[in-house]
Amino acid sequence: MIQMPEPDRSTLSRRDEIVAALRRIVPGEGVIDSERERRAFECDALTAYRQLPMVVVLPDNTQQVVEVLRYCKANNVKVVPRGAGTSLSGGALPLADGVLLGMGKFKRILEIDVANRCAVVQPGVTNLGVTHAVQAHGLYYAPDPSSQIACTIGGNVAENSGGVHCLKYGLTTNNVIGVEFVTMDGEVVRLGGKHFDAGDYDLLGVMVGSEGLLGVVTEVTVRVLPTAPGARALLIGFSGIEGAADCVAEIIGSGIIPGGMEMMDRLATEAAEAFVRAGYPLDAEAVLIVELDGCAAEVDHLIATIEKIAGDHGATSCRASQSEAERLLFWAGRKAAFPAVGRISPDYLCMDGTIPRKEIGRVLLRMKQLEAKYGLRVANVFHAGDGNLHPLILYDANKPGELQAAEDFGADILRLCVEVGGVLTGEHGVGVEKRDLMDAMFNETDLNQQQRLKCSFDESSLLNPGKVFPQLCRCAELGRMHVRAGQLRFPDLPRF
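Peer 1: Please provide a residue-by-residue account of the side chain of histidine 428, values included.
Peer 2: With respect to the helices and strands, the residue histidine 428 is situated in the loop between helix 15 (402-419) and helix 16 (444-457). For histidine 428, a relative accessible area of 11% corresponds to the buried category. Once you skip the residues sitting within four places of it in the chain, histidine 428 turns out to touch Ser87, Leu88, Ser89, Glu159, Cys350, Met351, Asp352, His390 and Lys434.

Written out as structure tokens, the structure is:
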């Protein structure tokens, strides 16, 4: 059961005054206060939990962001930044007594610098939109979450998003070289730029993955890469999960770093094949998609090497793409796996944890045991190359107790990830979904140090409060006073 801070009654009593002030800053249709229109912002992609924001503000320039944050700081009003609302961890879940600051109007490509292989974009530009903007120059943006057609660069920065190709080309943090953001005080700060690296504290690394707790991003400089001269994909079927997992480990252990390496179990494969008709082997317990990119001779050599490795680990089928259309078809099923699973279950929770590659087989087998414990099915589709799991726990919210069972199941999976040497999240972030599991990975000293960093940017804890940390730190007395969640009132949010 996810809980959020009790709404501040004094803030709610000033709602009309706050709305009027925001309308003076963002005129026209930039402020949304009717209940019907606020419904569109009541949740992100963690749709099991919903909460109407007090008011929604949609600025269209940096100065408006500055003034909104200055007003909210001066009047002790909470702010939740939001991109496209595709977060799967509740990172953009609004507050009943807070302003939802939507950055969707910041959607311009500001500069394409081919010589320096970078692009300067606003945070509302979609992930795929960056590649579309630079592909005429033979370039592309490497991180590619499954939601890349909809998710925005600002949200990618907040969550440090990954994707199919992050194994070889890195997560968002490896491909962002500069950001402009606005602090809660209304100060505009620039970190990094077009140069390769900064010579001071890595504050850029702090901002990427900060989940909207430190500042509101208004501009991003991303690294773009030359498109590989060629790419082919292997579609490999296995009669058992262990063989597929061992194959993943040996591919990496042999020194090969594929452009992408994804795994789907039988349930996910069946759902994706019915949805896309990609030609997946339906008799396989696990399917690997391995992509190799580079010059033709290199790709052909690597394919032959991986075919042998797969055969040594009991592969029952191995098919290499013979055309670009076939390669894209292999990936179409993987990219559509999440909506495909939605056809076989009325609801599902999409989890996100990362483990050492060598533990993939063990963890997936433990998940099978947990299925029996909770009476729920799991479809596994994930980034096998970097051990980033995405178990989809199937449930029916209309059946009493099933959502709670799914959440408990998911918590056990995440604890298992930490137990085997992994972490709670790979790319979805902590948000509210994993907030109360943070103590499974961090002790009190760890969490207090992280909150000290938050307080250095946002001493009043007005930016996205109630997210990430299971306990609240009072910034005024960092060394002595830590307010426990148990001493505050955290009402249950309505679940759907």
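Peer 1: Lay out the sheet that holds strand 10 (residues 216-223) in plain terms, naming residues and giving numbers.
Peer 2: Spatially, the 5 strands line up as an open sheet ordered 5-6-10-8-9, and their pairing is antiparallel. Looking at the sheet topology across the chains shown, the edges are occupied by strand 5 (109-113) and strand 9 (188-192). Across this sheet, the average inter-strand angle for adjacent strands is 10°, counted without regard to direction. As paired strands, strand 5 and strand 6 (residues 118-121) are joined by 4 bridges and run antiparallel to one another. Note that in strand 6 the partner of glutamate 111 across the bridge is valine 120. Seen against the sheet, helix 4 (residues 62-74) touches strand 8 (176-182), strand 9 and strand 10 and runs at an angle of roughly 50° to strand 8.

Peer 1: An account of the sheet that holds strand 3 (residues 78-82) is needed here, citing residue identities and associated values.
Peer 2: On the basis of which strands lie adjacent, the open sheet formed by 4 strands has the order 1-2-4-3 and mixed pairing. On the outer flanks of this sheet lie strand 1 (31-32) and strand 3, each paired with one strand and no other. Helix-sheet contacts for helix 4 involve strand 2 (55-57), strand 3 and strand 4 (98-102), and the interaxial angle to strand 4 is about 170°.

Peer 1: A description of the environment of glycine 104 should follow, citing residues and the corresponding values.
Peer 2: The topology assignment puts glycine 104 in the loop between strand 4 and strand 5. The class for glycine 104 is partly exposed, based on a relative accessible area of 43%. Sequence separation between glycine 104 and aspartate 60 is 44 residues, and the spatial gap between their C-alpha atoms is 8.3 Å.

Peer 1: Let's hear about a nonpolar patch on the surface: which residues, and what values?
Peer 2: Taken together, the side chains of Ile109, Ile112 and Val114 present a nonpolar region at the surface, about 190 Å² in accessible area. By secondary structure assignment, the location of isoleucine 109 is in strand 5.

Peer 1: I'd like a description of the environment of methionine 54, backed by residues and values.
Peer 2: As for its placement among the helices and strands, methionine 54 is situated in the loop between helix 3 (35-38) and strand 2. The class of methionine 54 is buried, set by a relative accessible area of 2%.

Procedures and definitions
- Residues numbered from 1 in each chain as written.
- Predicted model: local features only at pLDDT ≥ 70, side-chain atom pairs only at ≥ 80, totals over all residues.
- Heavy atoms only, no water.
- Helix = DSSP H or I, 4+ residues; strand = E, 2+ residues; numbered from the N terminus.
- Buried < 20%, exposed > 50% of the residue type's maximum accessible area, 1.4 Å probe, protein only.
- Contact = heavy atoms within 4.5 Å.
- Pairing = 2+ DSSP bridges.
- Axes fitted to C-alpha atoms, helices over the stretch in contact; angles between N-to-C directions.
- Patch = residues over 30% accessible without salt bridge, like charges linked within 9 Å, V, L, I, M, F, W, Y side chains within 5 Å.
- Areas by Shrake-Rupley, 256 points an atom, 1.4 Å probe, with all protein chains shown as cover.
- Salt bridge = Lys/Arg side-chain N within 4 Å of Asp/Glu carboxyl O.

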